[in-house]
Amino acid sequence: MQYISTRNAATRLSSAQAISRGLSREGGLFVPELVPLLPKDAINKYRAMSYQDRAAAIMGLYLTDYTKEELDSFVKAAYGPDAFDTPEVAPVKTIDDNTHFLELWHGPTCAFKDMALQMLPHLLTAALIKTGEEKQVCILVATSGDTGKAALEGFRDVDRTKIMVFYPRDGVSDIQKLQMTSQAGENVGVCAVAGNFDDAQTGVKAIFSDPKFRAEIAEKGWFLSSANSINWGRLLPQIVYYISAYCDLVNRGAIENGQEINFCVPTGNFGDILAGWYARAMGLPVKKLICASNRNDVLTEFLNTGVYNRVREFYTSISPSMDILVSSNLERLLFELSGQADEETAGYMTRLTKLGRYEVTPKIKSRLDNTFAAGFRDDEQTKQTIGEVFKKHSYLIDTHTAVAYGVLEDYRKNTGDDTPCVVVSTASPYKFCAAVLEALGDKEDTDGVGLIDKLSQVSGTKAPAPLAALKTAKARFDGCAEKDAMLPVVREFLA
Ligand SMILES: *Cc1c(COP(=O)(O)O)cnc(C)c1O
């Protein structure tokens, strides 16, 4: 299986090369040249397997230059009992005959990014060996919250790697900040930036594109890489849980093998829902992928009109991981739906950078209509949803998941489509205590770790152990860099 770039399909690489490179040189993203189909009777075979074995089998269809032994050892380490608090790894909870929640937050940081970031370090370090890379890798991350912590946990004490995370001093919740500053591990660094998320991201990009600095650290045996969701090694592990959820529903008799289902996905950078698209393209019986947004409704508009327009107001919301105006992974979908037309895809991306908008062809638009539906929900509606679901089903969901459930309710009302649906649940409600408490009618003025106990009392549920442990956690990292002085922090980190 070879990988090609969305902006130059003549670039062909092995999966190990694509994963170690991350981004193609001309700025494109790597995709598999062909989407592999699920083997005959795959669902019946996977049904009998553990999550780990399903993951090894499915990833193996894409990673033909990795051995089965490698993949078996990666899935054991990534999704084992040290990392996940349930042997099911990604359990499906059912609230009524045709509504299910796929819980992707049982990993070390209690958000769905663990599903990919527990796996990526294994894929990446093996890729370095396969491609003959002799230098060690330094992962640089700018985070608005969830990615930074999940990347720190994934790369903690991984051989031949170091990881440095920058977060905006005033842009993350108290819980998110303490999660990062108390991070354990010998190879980790965490630093605040005096600015917002864009400042942190701009600073990291500037470091990446500084040839002098690259040369300087190359002499010391280091090169820079990124853990964000443009790397194929982050997308691939996410395909697994769509297929796994389907198997679980067949196993419990909720659906027949072969019956179509829908997925409703709280969406930001379009990585999660794109993995669902790949699962569908592999032959998983999926009718619609429902794309859910918060008030930042750029994707709703795009999927409904075919026009992507990032020139709009940016809102901060109670579902911060979906506060995004440019969804990078959409590029992969445009490439696939255009029939792998690299020039056309590159053209959209150029227009997005230069003009802030683009419109897709009628061919792409009709293919989008065939597979996707879209909607958005604001903060007030989202809080109301959390309260209603808890009252009616005694099931507590976080703000991101509640956006998706609300959008699903609208979708069902507007279309009459009552196909069984899996709502992808992306974070533990305990990561967003203040908003969830308010939704339950208990408005608090603070946003600290003290709210964890409060939410536990009010909801009668138990906080996940990694978040409960924050109550006694000590910060190890208290540095704060000016936004134009991030490079010296990395230099010192690698010294
Ligand atoms: C990152 C994130 C999302 C959005 O996922 P994308 O792959 O960026 O679309 C949704 N919910 C939570 C909790 C997240 O951390």
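Structure's up top.
Residues numbered from 1 in each chain as written. Predicted model: local features only at pLDDT ≥ 70, side-chain atom pairs only at ≥ 80, totals over all residues. Heavy atoms only, no water.

Draft legend 1. Representation of the site of the ligand. The ligand sits among 14 residues. The nearest are Lys-113, Asp-146, Gly-268, Asn-269 and Thr-426. Here Asn-269 contributes a backbone N or O atom positioned 2.7 Å from an oxygen atom of the ligand. A class-by-class count of the residues in the shell around the ligand yields four nonpolar, seven polar and three charged. (Near = heavy atom within 4 Å. Polar contact = N/O pair within 3.5 Å; in protein donor to acceptor, adjacent residues only side chain to side chain. Nonpolar A, V, L, I, M, F, W, Y, C, P; charged D, E, K, R; others polar.)

Draft legend 2. Here's a closer look at the sheet that holds strand 4 (residues 92-96). Strand order in this open sheet of six strands is 4-5-15-10-11-14, and the pairing throughout is mixed. Because the sheet does not close on itself, it has two edges, and the strands there are strand 4 and strand 14 (372-376). This sheet shows a mean twist of 25° between the axes of neighbouring strands, independent of strand direction. Pairing between strand 11 (residues 286-293) and strand 14: five bridges, direction parallel. Residue pairing in the sheet places Cys-291 in a bridge with Ala-374 of strand 14. Its contacts with the sheet place helix 11 (residues 232-251) against strand 4, strand 5 (99-103), strand 10 (261-266) and strand 15 (421-425), and it is angled at close to 135° to strand 10. Strand contacts of helix 16 (residues 362-371): strand 11 and strand 14, with the helix running at about 100° to strand 11, the strand carrying the most contacts. (Pairing = 2+ DSSP bridges. Helix = DSSP H or I, 4+ residues; strand = E, 2+ residues; numbered from the N terminus. Axes fitted to C-alpha atoms, helices over the stretch in contact; angles between N-to-C directions. Contact = heavy atoms within 4.5 Å.)

Draft legend 3. A look at the sheet that holds strand 1 (residues 3-5). Read from one edge to the other, the open sheet built from three strands follows the order 2-1-3, with strand pairing classed as antiparallel. On the outer flanks of this sheet lie strand 2 (8-13) and strand 3 (30-32), each paired with one strand and no other. When strand polarity is set aside, the average angle formed by the axes of neighbouring strands in this sheet is 40°. Pairing geometry for strand 1 and strand 3, over three bridges, is antiparallel. If you follow Tyr-3 over to strand 3, its bridge partner there is Pro-32. Sheet strands touched by helix 14 (residues 330-337): strand 1, strand 2 and strand 3. Its angle to strand 3, the strand with the most contacts, is close to 45°.

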